[in-house]
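# A look at the structure
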Amino acid sequence: MRHGIDHRKLGRKPAHRKALLRNLMNALVHAERIETTVSKAKELRPLADRLITLGKAGTLHSRRRVFSLLTDKEATDKLFASLAGRFAGRQGGYTRIVRTGFRVGDGAEMAIIEYLPAEEKKAGGKKKKAAAKKTPAKTAVKKKEEKKTSRPGARKVKQAAPKATKPRASRAQTQKTPEGGQG
């Protein structure tokens, strides 16, 4: 039984695994989107979400904890300056994993892990949504009118004439004779 096993080993010793995840976290903070294997992305997701949670706290203690995880001053500054502010109104789920297929060399399943984009303001979003709902109805009517008017001489579809069929032979004519030939 697999009791008390809460993470993937990723085929590495603990120190190597920790270094790998640190590098992945740094790359994700810098680029906000990286491509890696699915299992590495799944291991990275809770750590990346924890970084945002610490960044939202904004205290000196949280800044020091983030720096101990990343060990990169530029990544720490970016996290607190831009990324944490992006998710101020969100309670969790800051990352997304999208599977992209299989790697050519060894067939490993690949995925893109990324921080979600900034959400639009709700007040502005309602106006945009209302305007977006009104415009497609008008364009749909115009498209129908264009379809009717764009083909003044519409082609007439000719119906195929029924094919002439041969009358079938009666069963008595097609039965085989005792010698094996047809009668």
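Residues numbered from 1 in each chain as written. Predicted model: local features only at pLDDT ≥ 70, side-chain atom pairs only at ≥ 80, totals over all residues. Heavy atoms only, no water.

The next thing to look at is the pattern of salt bridges. Close approach of charged atoms allows side chains with opposite charge to pair. Tallied over the entire structure, the rule returns 9 salt bridges. The shortest N-O distance in the salt bridge between Glu-114 and Arg-96 comes to 3.1 Å. Note that Glu-114 is positioned in strand β3 (residues 109-115) and Arg-96 in strand β2 (residues 95-102), a separation of 18 residues in sequence. Look at Arg-96 and you get partly exposed, because its relative accessible area is 32%. Where salt bridges share partners, they join Glu-32, Lys-78 and Arg-86 into one cluster. (Salt bridge = Lys/Arg side-chain N within 4 Å of Asp/Glu carboxyl O. Helix = DSSP H or I, 4+ residues; strand = E, 2+ residues; numbered from the N terminus. Buried < 20%, exposed > 50% of the residue type's maximum accessible area, 1.4 Å probe, protein only.)

Scanning all chains against the criterion turns up 2 aromatic pairs. Consider the rings of Phe-87 and Tyr-94, whose centres lie 5.1 Å apart with planes at 55 degrees: the pair is tilted. Between Phe-87 and Tyr-115 the ring centres are 6.2 Å apart and the planes differ by 50 degrees, which places this aromatic pair in the tilted class. Taken together, the residues Phe-87 in the loop between α4 (73-86) and β2 and Tyr-115 in strand β3 connect sequence positions 28 residues apart. Assigned by exposure class, Phe-87 and Tyr-115 land together as buried. Every member of this aromatic cluster is reached through a ring pair, and the members are Phe-87, Tyr-94 and Tyr-115. (Phe/Tyr/Trp six-rings, centres within 6.5 Å; stacked < 30°, edge-to-face > 60°.)

Attention shifts here to the sheet that holds β2. Taking strand neighbours across the sheet as the criterion, the 3 strands line up as β1-β3-β2 in an open arrangement whose pairing is antiparallel. Both edges of this open sheet fall to β1 (33-37) and β2, since each of them pairs with a single strand only. Geometrically, the sheet is characterised by an average inter-axis angle of 25 degrees between neighbouring strands, direction not taken into account. In this sheet, β3 lies alongside β1 in antiparallel orientation, the contact comprising 5 bridges. Across the sheet, Thr-36 pairs through a bridge with Ala-111, a residue of β3. (Pairing = 2+ DSSP bridges. Axes fitted to C-alpha atoms, helices over the stretch in contact; angles between N-to-C directions.)

Our next topic: helix α3 (residues 60-70). Every buried residue of α3 is accounted for by Ser-62, Val-66 and Leu-70. For α3, the angular spread of buried residues about the axis comes to 65 degrees, placing them on one side. Opposite its buried face, α3 presents the exposed residues Leu-60, His-61 and Arg-64, each directed more than 90 degrees away. Where the residues of α3 are buried, they touch α1 (14-31), α2 (38-57) and α4. A positive phi of about 55 degrees marks Thr-71, the residue just after α3. (Arc of directions from axis to C-beta. Contact = heavy atoms within 4.5 Å.)

Two numbers describe how α2 lies on α4: the axes approach to 9 Å, and their chain directions differ by 95 degrees. The orientation of α2 with respect to α4, classified from their angle, is roughly perpendicular. Together, Leu-51, Ile-52, Leu-54, Gly-55 and Lys-56 of α2 and Leu-79, Phe-80, Leu-83 and Ala-84 of α4 make up the contact between the two elements. Residues belonging to the contact of α2 with α4 are distributed by class as follows: 7 nonpolar, 1 polar and 1 charged. (Parallel < 35°, antiparallel > 145°, perpendicular 65-115°, else oblique. Nonpolar A, V, L, I, M, F, W, Y, C, P; charged D, E, K, R; others polar.)

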